[in-house]
Amino acid sequence: MSGFTSSVGSSTHASVVLFIVAFKMNSSTYSLTEIQKRIDEVNRFLSVTLSIANAHTVEFYTHDVWKRFMAVSPEEVLSAVSSDHDQQREPKLKETENSRTMFGFCIDSKRLVDVHKLLLAAKAHSLPGLGVCVSRDELLKDLTGIKSAETGAELEADEFMNSKKSHEVQCMSEVVASLAQHCGVNQVIDVGSGKGYLSSFLSLQYGLQVFGIDASSTNTHGAQERNRKLKKFSRAYQKLKKAARTQTEAAHSPQEERVKIKPEPNEDKDALCDRLAGSRSQEEEKVSISSLHINPAVETQTELIPETGEPFFSVLSADVMESSPPRVPSSQLSAEEKERRKRENLARKAQSNKDGASGVFSPLTSFVTAHTELRELIAELEDAVMVGLHTCGDLAPSSLRMFVDKPELAAVCGVGCCYHLLSEEFDPSGHECLQAACGFPLSQYLRHQSCFCGRNARMSACLALERVSLGQGIQMESLFFRAVLHVILRDHYSSYKSEKRVGNVYSKTKSFVDYVRRALRRLELDDSKLSDGEIQSYYDTHRARMDEMHAFNMLKVTLAPCIEGLILLDRLCYLKEQDGVSFSALVQLFDPLLSPRCYALVGLKSHANATS
């Protein structure tokens, strides 16, 4: 960590030294050896329990999954899970396996015999239980010397995003801006930038030059359009806040002031923003339609525009986005499509430069892998911070590989998602990884162990324990319908192991009979073979066993944080294996109730901000 220095020019030499020492102390807490030890602990736990997570719900009744894994009743499981959630006990696990059990499972039969012991062990082997994460505030304090940067926010993200996205963008952007300041860089590369929420906020709020890369040209076009509107709105919004503040001061009243905006006849939302952004008269800003409440002393609120019934901030809404087409690797694109994307990217860069050099956001279209040459995409690339907000599947590990391999990348901050879409190097089923480098495992430590999770287990890792604990449960009936359908397919159709998928039939159905008939037609099977009565009899027979499926899936939810923990510890281990990476950590950026995929991998290189 000797290459680390403070990026705050006004700091004295003594304060810089103290800052570096503090950073060293915090970052040395979790060494490579310590992370490997935690990985071993989680691996040992999952060696006993992973079979539950890998059991396919579709086969729950055809393979008699409950009897295979459970020596307890579903009522006992549900009661234990419920009481465990209510009590929120701290994990204090001690191995006193003196009754031929391990983590609640009988060593001989491999079946669960002690639910409470399993729940306790699951908590102990989750990331919070392992104690390997740092908080967002701790990271910000290390980077900036203060708990949370006082940015004097000019934009209220919750005015143009839903609460989840607003929370994510505001929490992550502050960390990214602090990383950029610490490294002394002004450029950010946002991989998998999607609709451009994070990129736009970083450019407009923090004045950073952001390159948002996404494989979907529809997304990059939509991001460009949204950013254009956001720039207009930002100027208009600042004028309105200033006007409201003036009114409040003049009235000497703490009461909320209304700043009213009235569109001209036939004036659309873009034109309204243009007029407000360019207006110079306070009287023009005060005229008349109730569209926005502004009180400088309290949080801003939004009202509908009566003429249109739309929120004023809908100028920034997702309706400029069409549904995204499938993402296609660049190797599969035609020469014409590659040339078209190149022309579009150049045009977007030119437009961004025209809009102004400060706080530029340039959306680019490209399929990103670990081998992507960034300088071919970004001619003006300087040293930069690489970020990714919910990078899907293999894109998350690919971004970490890029960070390690590209000297121009000084830091990385990435939050992954969609673990079920990860490719695995050591898949015993023989499914080969289509890329030169698979998504899991990433670290040499787990690669040497030929570590394998399984797709169903990775699907389970996507479940949200915190939300389920508060009663935001799994849609059990749809899972139950699908599992009983599988019994019908086994009993009456020889093609029940077909690769064809039923898809989202449940949301359109009125009853189990309707569901089965729609599903059979989706599978191109003859539904006339069965009468309504025969179909209903399957439902009636298995309905009494629905609690088994509910209880089993609650155990899957309980194991989810442990599987996610192994995947994220593997990525952290990979960063700690690199000689050129001086600091790396798992950081809880988000509230898991708002954003279940709440952990970020943060890394800094040895030469980052090597200025004295």
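Residues numbered from 1 in each chain as written. Predicted model: local features only at pLDDT ≥ 70, side-chain atom pairs only at ≥ 80, totals over all residues. Heavy atoms only, no water.

1. Some words on the pairing of strand 15 (residues 599-605)
Looking down a regular strand, the side chains alternate between one sheet face and the other.
No. 1: In terms of burial, strand 15 is largely enclosed, as seven of its seven residues are buried.
No. 2: Every second residue of strand 15 is oriented toward a common face, with Tyr-599, Leu-601, Gly-603 and Lys-605 on one face and Ala-600, Val-602 and Leu-604 on the other, all of them buried.
No. 3: In terms of strand pairing, strand 13 (residues 409-417) meets strand 15 through four bridges, oriented antiparallel. Looking across to strand 15, one finds that Cys-413 is bridged to Val-602.
No. 4: Sheet topology places strand 14 (residues 581-588) next to strand 15; seven bridges connect them, and they run antiparallel. Looking at the pairing, Val-581 lines up with Lys-605 of strand 15. (Buried < 20%, exposed > 50% of the residue type's maximum accessible area, 1.4 Å probe, protein only. Helix = DSSP H or I, 4+ residues; strand = E, 2+ residues; numbered from the N terminus. Pairing = 2+ DSSP bridges.)

2. Things to note about helix 8 (residues 163-183)
Each α-helix winds once per 3.6 residues, and so residues spaced three or four apart point in a common direction.
No. 1: Compared with the 30 Å implied by 1.5 Å per residue over 21 residues, the 30 Å span of helix 8 between its first and last C-alpha is a close match.
No. 2: Counted residue by residue, helix 8 has 16 buried out of 21 residues, so it is predominantly covered.
No. 3: Two or three places before Lys-164, at the start of helix 8, stands the capping residue Asn-162, its side-chain oxygen 3.2 Å from that residue's backbone nitrogen.
No. 4: Gly-184 lies just past helix 8 and shows a positive phi near 70 degrees. (Expected span 1.5 Å × (residues − 1). Polar contact = N/O pair within 3.5 Å; in protein donor to acceptor, adjacent residues only side chain to side chain.)

3. Description of helix 7 (residues 136-144)
No. 1: Turning to helix 7, its buried residues number three or more, namely Arg-136, Leu-139, Leu-140, Asp-142, Leu-143 and Thr-144.
No. 2: Gly-145 sits one or two positions beyond helix 7 and adopts a positive phi of about 85 degrees.

4. Thoughts on the sheet that holds strand 13
No. 1: The strand order 3-14-15-13-12-4-5-11 describes an open sheet built from eight strands, whose pairing is mixed. Unpaired on one side and paired on the other, strand 3 (133-135) and strand 11 (361-365) mark the two borders of the sheet. Geometrically, the sheet is characterised by an average inter-axis angle of 25 degrees between neighbouring strands, direction not taken into account.
No. 2: Lying on the sheet, helix 9 (residues 197-206) is in contact with strand 4 (187-191), strand 5 (209-214), strand 11 and strand 12 (384-392); it crosses strand 5 at an angle near 170 degrees. (Axes fitted to C-alpha atoms, helices over the stretch in contact; angles between N-to-C directions. Contact = heavy atoms within 4.5 Å.)

5. Thoughts on the pattern of salt bridges
No. 1: Counted according to the given criterion, the structure contains 18 salt bridges.
No. 2: Between Arg-38 and Glu-34 there is a salt bridge whose closest N-O contact spans 2.9 Å. Placement of the pair is Arg-38 and Glu-34 together in helix 2 (residues 32-54), with a separation of four residues, close to one helical turn.
No. 3: Judged by relative accessible area, Arg-38 falls into the buried class, the value being 16%.
No. 4: The exposure class of Glu-34 is partly exposed, given its relative accessible area of 23%.
No. 5: In this structure, the salt-bridge partner of Arg-136 is Glu-174, at a minimum N-O distance of 2.4 Å. Linking Arg-136 in helix 7 with Glu-174 in helix 8, this pair joins segments that are 38 residues apart in sequence. Of the two residues, Arg-136 and Glu-174, neither departs from the other in class, the shared state being buried.
No. 6: It is possible to trace a salt-bridge network through shared partners that takes in Asp-64, Lys-67, Arg-545 and Glu-548. (Salt bridge = Lys/Arg side-chain N within 4 Å of Asp/Glu carboxyl O.)

6. Observations regarding the confidence of the model for the protein
No. 1: On average, residues of the protein score 76 in pLDDT, and 63% of them reach the 70 mark or higher.
No. 2: Every residue in residues 1-28 is under pLDDT 50, and counting partners more than four places away or in other chains gives 48 contacts.
No. 3: Below a pLDDT of 50 lies the segment residues 93-97, which in the model reaches 11 contacts outside its immediate sequence neighbourhood of four places, other chains included. (pLDDT = per-residue confidence, 0-100.)

7. With respect to unusual backbone geometry
No. 1: In this model, Phe-440 is joined to Pro-441 through a cis peptide bond whose omega is -5 degrees.
No. 2: Within the element layout of this structure, Pro-441 appears in the loop between strand 13 and helix 16 (444-447).
No. 3: The phi dihedral of Asp-64 falls on the positive side, at around 45 degrees, and the residue is not glycine.
No. 4: As for its position among the elements, Asp-64 is in the loop between helix 2 and helix 3 (65-69).
No. 5: You can call Asp-64 partly exposed: its relative accessible area is 26%.
No. 6: Phi at Cys-418 is positive, roughly 55 degrees, even though this residue is not glycine.

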